[in-house]
Amino acid sequence: MPLPPLATPAIALQADAADWREAVRAAGNALTVSGATKPEYSERMIGVIEEFGAYVVIAPGLALAHARPGPDVLAEGLSVVTLANPVPFGHPHNDPVSVVLGLAVTSAEEHVASVAELANVFNDEAIIGRIAEAQTPAAVRALLGYEADA
Amino acid sequence: MRIVAVCGAGIGTSAILQVNAQRALERLGLEADVSASDLASVSTAAADAQVILTSTELADQVRAAIGRNFAEIVVVQNYFDVDEIAGKLQTSLG
């Protein structure tokens, strides 16, 4: 199964974010710029964290921002944002966050296989630090196992 | 044996936990049916489960949601760390 689509415009490096909401918004903007979502999706991703807490920080330094499928999701997509200055999300073990992934899916059932591919990549514990330090979108795509162009 | 991975929205994070729990079980040589659920439906999804996997952040909410269900709640810190998940499942199932 393929990885979720990661368009080059959906990669933002060394973004400035003063807090976790801005970091999630940056991941949402990247999804919107790439055509995967409408702007409202950012606020829904923030809403998930407001409702359930910082559980989206699933590994040290890494947040997987996401929300349920909805009319603001135009196509399945992934975004990658690295932060110039890591921000705390309020997670007891995995703060601060330096890499935010934004995930948008159109159906709750159909994304499991592509997310499994993503898990393959991140089972290498060094990968988060490498992505945080990547200098170009092409380097991020290569680290995640994508083909060169998008 | 049934294991349920739980997250807030039922997509993304619970899917990663589901996949890595399956890997951990293979490593341990154990067979189990691992599914993913969101918090809103965990009491139904976990009705006949032995183990519920979730994050530190959600453990209390899962405990409140399942009520009198006797499934064990196993808290995972790093969803990508198959060693951590395998170790905790071994303790809980062994």
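Residues numbered from 1 in each chain as written. Chains lettered and ligands numbered in written order. Predicted model: local features only at pLDDT ≥ 70, side-chain atom pairs only at ≥ 80, totals over all residues. Heavy atoms only, no water.

Engineer: Quick one: what's the story with the environment of Asn-69 of chain B, residue by residue and with numbers?
Structural biologist: All names here are of chain B. Looking at the element boundaries, Asn-69 is found in the loop between α3 (59-66) and β4 (72-76). Taking the C-alpha atoms as reference points, Asn-69 and Cys-7, separated by 62 residues in sequence, lie 18 Å from one another. Here Asn-69 is in contact with Ala-46 and Ala-47, once residues within four sequence places are set aside. (Helix = DSSP H or I, 4+ residues; strand = E, 2+ residues; numbered from the N terminus. Contact = heavy atoms within 4.5 Å.)

Engineer: I'd like to hear about helix α4 (residues 82-93) of chain B, residue by residue, with values.
Structural biologist: Counted at 1.5 Å a residue, the expected span for α4 of chain B with its 12 residues is 16 Å, and the 16 Å between its end C-alpha atoms agrees. For α4 of chain B, the capping residue at the N-terminal end is Asp-81 of chain B, with a side-chain oxygen 3.1 Å from the backbone nitrogen of Asp-83 of chain B. (Expected span 1.5 Å × (residues − 1). Polar contact = N/O pair within 3.5 Å; in protein donor to acceptor, adjacent residues only side chain to side chain.)

Engineer: Talk me through the environment of Ala-30 of chain A; I want residue IDs and the actual numbers.
Structural biologist: Residue and element names in this part refer to chain A. Structurally, the position occupied by Ala-30 is in helix α1 (residues 20-33). Take Ala-30: its relative accessible area is 5%, and that puts it in the buried class. Residues Ala-30 and Arg-130 lie 100 residues apart in sequence; the distance between their C-alpha atoms is 20 Å. Not counting residues within four places of it along the chain, the set of residues in contact with Ala-30 comprises Pro-9, Ala-10, Ser-79 and Val-81. (Buried < 20%, exposed > 50% of the residue type's maximum accessible area, 1.4 Å probe, protein only.)

Engineer: Please give an account of the UniProt feature "domain: PTS EIIA type-2" (unreviewed entry) in chain A that cites residues and values.
Structural biologist: Per the UniProt record, "domain: PTS EIIA type-2" (unreviewed entry) is found at residues 4-147 of chain A. Regarding residues 4-147 of chain A, the helix share stands at 36% and the strand share at 22%, and the terminal C-alpha atoms are separated by 12 Å. (UniProt positions renumbered as here; feature names shortened; annotations may be inferred.)

Engineer: A description of the confidence of the model for chain B should follow, citing residues and the corresponding values.
Structural biologist: Within chain B, residue pLDDT values average 92, and 100% of them lie at 70 or more. Across the whole predicted complex the pTM is 0.92, and at the interface the ipTM reaches 0.86. (pLDDT = per-residue confidence, 0-100.)

Engineer: So, unusual backbone geometry: which residues are in play, and what are the values?
Structural biologist: Residue and element names in this part refer to chain A. The omega torsion of the bond from Asp-95 to Pro-96 falls at -10 degrees, within 30 degrees of zero and hence cis. Here Pro-96 shows up in the loop between β4 (77-87) and β5 (97-104). For Gln-14, which is not glycine, the phi dihedral falls at a positive 55 degrees. The exposure class assigned to Gln-14 is partly exposed, which follows from its relative accessible area of 39%.

Engineer: Give a detailed account of the UniProt feature "domain: PTS EIIB type-2" (unreviewed entry) in chain B, specifying residues and quantitative values.
Structural biologist: This chain's UniProt record puts "domain: PTS EIIB type-2" (unreviewed entry) on residues 1-94 of chain B. Along residues 1-94 of chain B, the helical share is 43% and the strand share 23%, with 13 Å between the first and last C-alpha atoms.

Engineer: Pulling in residues and values, what's your account of the interface of chain A and chain B?
Structural biologist: At the interface, 32 residues of chain A touch 24 residues of chain B. Together, the buried faces of chain A and chain B total about 2,300 Å²; carbon and sulfur atoms form 65% of this surface. Interface area lost by chain A to chain B is led by Phe-52, Tyr-55 and Ile-58 of chain A, which between them contribute 27%. Our count for the chain A to chain B interface comes out at one salt bridge. Linking chain A with chain B are 14 residue pairs in polar contact (both at pLDDT 80 or more). If you list the elements that add at least two residues to the side of chain A that touches chain B, you get α2 (40-52), β2 (57-59), β3 (62-66) and α3 (112-122) of chain A. Among the elements that line the side of chain A that touches chain B, the one with the most residues is α3 of chain A, at seven residues. Residue classes in the side of chain A that touches chain B are distributed as 21 nonpolar, nine polar and two charged. (Buried area = accessible area lost by both parts, 1.4 Å probe. Salt bridge = Lys/Arg side-chain N within 4 Å of Asp/Glu carboxyl O. Nonpolar A, V, L, I, M, F, W, Y, C, P; charged D, E, K, R; others polar.)

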